[in-house]
Amino acid sequence: MAEYNYNFDMFDEGTSAPKAVPQKKAKPAQRLHLVEETREVRRERAQILEKRNTISTYVIIAVALVLTAVVSSFIYLGASINAYDHKIASVQEELNIANSQNVTLNLKKDSMVSVDAVRAAAEKRGMIQRDRYQVTYFELAQEDYGVVK
C-alpha cells in the first residue's frame, strides 16, 4: 500500500482565511430637548418652519413648470405630426388622381393606335402589306456572329 503525506498547514487559522473585523455600532443621533418654551424659541421654530414651507413651495412650483413644459411639448409635437399626416394624405390623394389620369390617357393612346388604323394610314400613303413569299427566314448558327467596333 502507498502512503500519502498530506500537508494541511495552509488550512490553519490565520494563514489563508481573513479575520473578521468587528463593526462598531453607530450611536443614534441625540435630539436636543428644550425644557423651556420661550418666545425666542417659538419665533425661531416659526422661522425654520417658514423657510421649510418656502423651499417646498419653490420646489413644487419648479416641478409644476417642468411638467407643464413636458406636457406642452407633447401636445405641440402631436399637433405638428397630425398636420404632417394631413399633408401626406393630401399629396397621396393627388398622386392617386394623377395615376388614374395616367392610366386613362394610356388607354386612350393605346386605343388610338390599333392595327386597323395603322393599315388604313399605310394604304392611304400608298404602302402595301408584304406577302409571305416576300419574307425570307434564315437561321444563324452559334459560331456565325460578327463584332462591330
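Going by the structure above, here's the rest.
Okay, so let's go over this structure. (Residues numbered from 1 in each chain as written. Predicted model: local features only at pLDDT ≥ 70, side-chain atom pairs only at ≥ 80, totals over all residues. Heavy atoms only, no water.)

**A short note on the overall build of the protein**
No. 1: When helices and strands are counted, the protein shows two helices and zero strands.
No. 2: Counting the 149 residues in the protein, one finds 0% classified as buried.
No. 3: With an accessible surface of roughly 16100 Å², the protein has 59% of that area assigned to carbon and sulfur atoms. (Helix = DSSP H or I, 4+ residues; strand = E, 2+ residues; numbered from the N terminus. Buried < 20%, exposed > 50% of the residue type's maximum accessible area, 1.4 Å probe, protein only. Areas by Shrake-Rupley, 256 points an atom, 1.4 Å probe, with all protein chains shown as cover.)

**A word on a nonpolar patch on the surface**
No. 1: Residues I55, V59, V63 and L67 make up a contiguous nonpolar surface patch of roughly 370 Å² in combined accessible area.
No. 2: With respect to the secondary-structure elements, L67 resides in helix α1 (residues 39-112). (Patch = residues over 30% accessible without salt bridge, like charges linked within 9 Å, V, L, I, M, F, W, Y side chains within 5 Å. Salt bridge = Lys/Arg side-chain N within 4 Å of Asp/Glu carboxyl O.)

**Here we look at the pattern of salt bridges**
No. 1: According to the stated counting rule, one finds two salt bridges in the structure shown.
No. 2: A salt bridge links D110 to K109; the shortest N-O distance between them is 3.9 Å.
No. 3: By relative accessible area, which is 48% here, D110 ends up partly exposed.
No. 4: Judged by relative accessible area, which is 48%, K109 ranks as partly exposed.
No. 5: Residue R119 pairs with D116 through a salt bridge whose shortest N-O separation is 3.7 Å. A residue pair is termed a helical-turn pair when its members lie 3 or 4 positions apart in one helix, as R119 and D116 do in helix α2 (residues 115-124) at three residues.
No. 6: Looking at D116, the relative accessible area reads 56%, which means it is exposed.

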